[in-house]
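Residue-level structural notes
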Amino acid sequence: MYLLDEFGDMIADKARFGAYADAIARAVRPGDVVVDLGCGPGIFALLACRAGAKRVYAIDSGEVIHFARQLAVANGFADRIEFLHGDSRQTQLPERANVLVSDVRGALPLFAEAIPSIEDARERFLIEGGAQIPMRDTIYAAIVETPEFYKRLASPWKDAGREIDLTAALPLVLNSVYKVRSQSAQLLTEPQTWCTLDYTAHLNPRAGAKLRFLATRSGTAHGVTAWFETQLFDGIGFSSAPGSVGSIYGQGFLPWLEPVAVEAGQEMEVDLHADPVDGDYIWRWDAKIAARNGQPARNFQLSTFQGAQFTAERLRKRSTDYVPMLSESGRAERWLLEAMDGSTSLQELAEVAVERFPNVFRGRDDAFRRISSLAEKFSR
């Protein structure tokens, strides 16, 4: 969930905000119905009303949606915007929309549940031939030189001092994806198109391709960087490429296990994949750097799966033949859910929960926090 200051940064990103404002003004016609998917503070919903929308359905699972209602009132659009708090995939609308607007990306469009949410919204909320903002995103990749950021990642574990060895943690740190802000001069290769996401057609949440690069100059390669270029609507768009001024998105960075000195013309191959797993993405980037001028070839095989701190017990519980049985904590949570029958207050439920499950709850306050969280998520 984003905080208000982070939404402020999104508004302050002039390239993003200006492009979305222009696209909404171009796509929304007087009398249209609009869906603002992942609306946050409802800025796109306000712009849609300003463009003439008769009704906007603004959907978000975060608490910021309550602040969005205040902005709708302040701008005189409270009667035209219906705010829906929850997962859009569990939301029903009374009518279909002419326009679907969203920005549910992270640093890259392949982020959390973004693709399934857009796919579901297009199929269930949008009329045949309705307008979508964005229409498509194209993701690019290149080899990057970023010594300061790489040092910040690796140095604490390599150079801790005090006669302690922390280098065993390095593979976990480097088998991870990070957000960076790079300049175009840091690129060691020309960008290659990795994948294109066409939001107006069926979306494949997986992406993968083998990319071949030639170093355009000598330098030190620290890994792969990726960014996107979007087409919002009718030729309107923007890019989060390295060097983008004020971009809220930045770029994705997939580090190598160690820096590699390269020369102009040296060949590098990256097999880059992103696969959705359990509400997030597993990234894999295998790199082959060709031998040159007496330097041996280098190969790296990295993935966020290797960087995840999975225990054998956790993996066992995800196997297809695992037979689950509720723990005492699970039985307590089941009881709490079943006890929310509309006849008992949270305080009363907490008191009974402590008596029934003394090994689960440290006291009434602990039980109250647990049942309050469940009530917020599941009660009506």
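The paragraphs below set out a description of the structure included in this document. (Residues numbered from 1 in each chain as written. Predicted model: local features only at pLDDT ≥ 70, side-chain atom pairs only at ≥ 80, totals over all residues. Heavy atoms only, no water.)

1. Description of helix H10 (residues 328–339)
In a regular helix each residue adds 1.5 Å, so 12 residues correspond to 16 Å; H10 covers 16 Å between its end C-alpha atoms and thus fits that length. Within the span of H10, buried status applies to Gly 330, Ala 332, Trp 335, Leu 336 and Ala 339. Buried residues belonging to H10 abut helix H11 (346–356) and helix H12 (364–378). (Helix = DSSP H or I, 4+ residues; strand = E, 2+ residues; numbered from the N terminus. Expected span 1.5 Å × (residues − 1). Buried < 20%, exposed > 50% of the residue type's maximum accessible area, 1.4 Å probe, protein only. Contact = heavy atoms within 4.5 Å.)

2. As for empty space enclosed by the protein
Counting across every chain of the model gives 1 cavity of 30 Å³ or more. As for the largest cavity, its lining consists of Tyr 20, Ser 102, Asp 103, Val 104, Arg 105, Pro 109, Ala 114, Ile 118, Pro 134, Asp 137 and Tyr 199. (1 Å grid on protein atoms, 1.4 Å probe; cavity = no way out; pocket = protein on both sides within 12 Å on 5 of 7 lines; lining within 4 Å. Points joined across faces, edges and corners; volume = space filled by probe spheres on them.)

3. Quick word on the sheet that holds strand E3 (residues 81–85)
Here 5 strands make up an open sheet; going across it, the order is E3-E2-E1-E4-E5 and the pairing parallel. Looking at strand neighbours, the two that pair on one side only are E3 and strand E5 (126–133), the edges of this open sheet. Recorded for the sheet is a direction-independent mean angle of 20 degrees between the axes of neighbouring strands. Where strand E2 (residues 55–60) and E3 come together, 5 bridges link them in parallel fashion. Within E3, the residue paired with Tyr 57 across the bridge is Glu 82. Packed on one face of the sheet, helix H4 (residues 64–74) meets E2 and E3 and runs near 170 degrees to E3. (Pairing = 2+ DSSP bridges. Axes fitted to C-alpha atoms, helices over the stretch in contact; angles between N-to-C directions.)

So, to be careful, I would describe these as geometric facts and stop short of saying anything about function.
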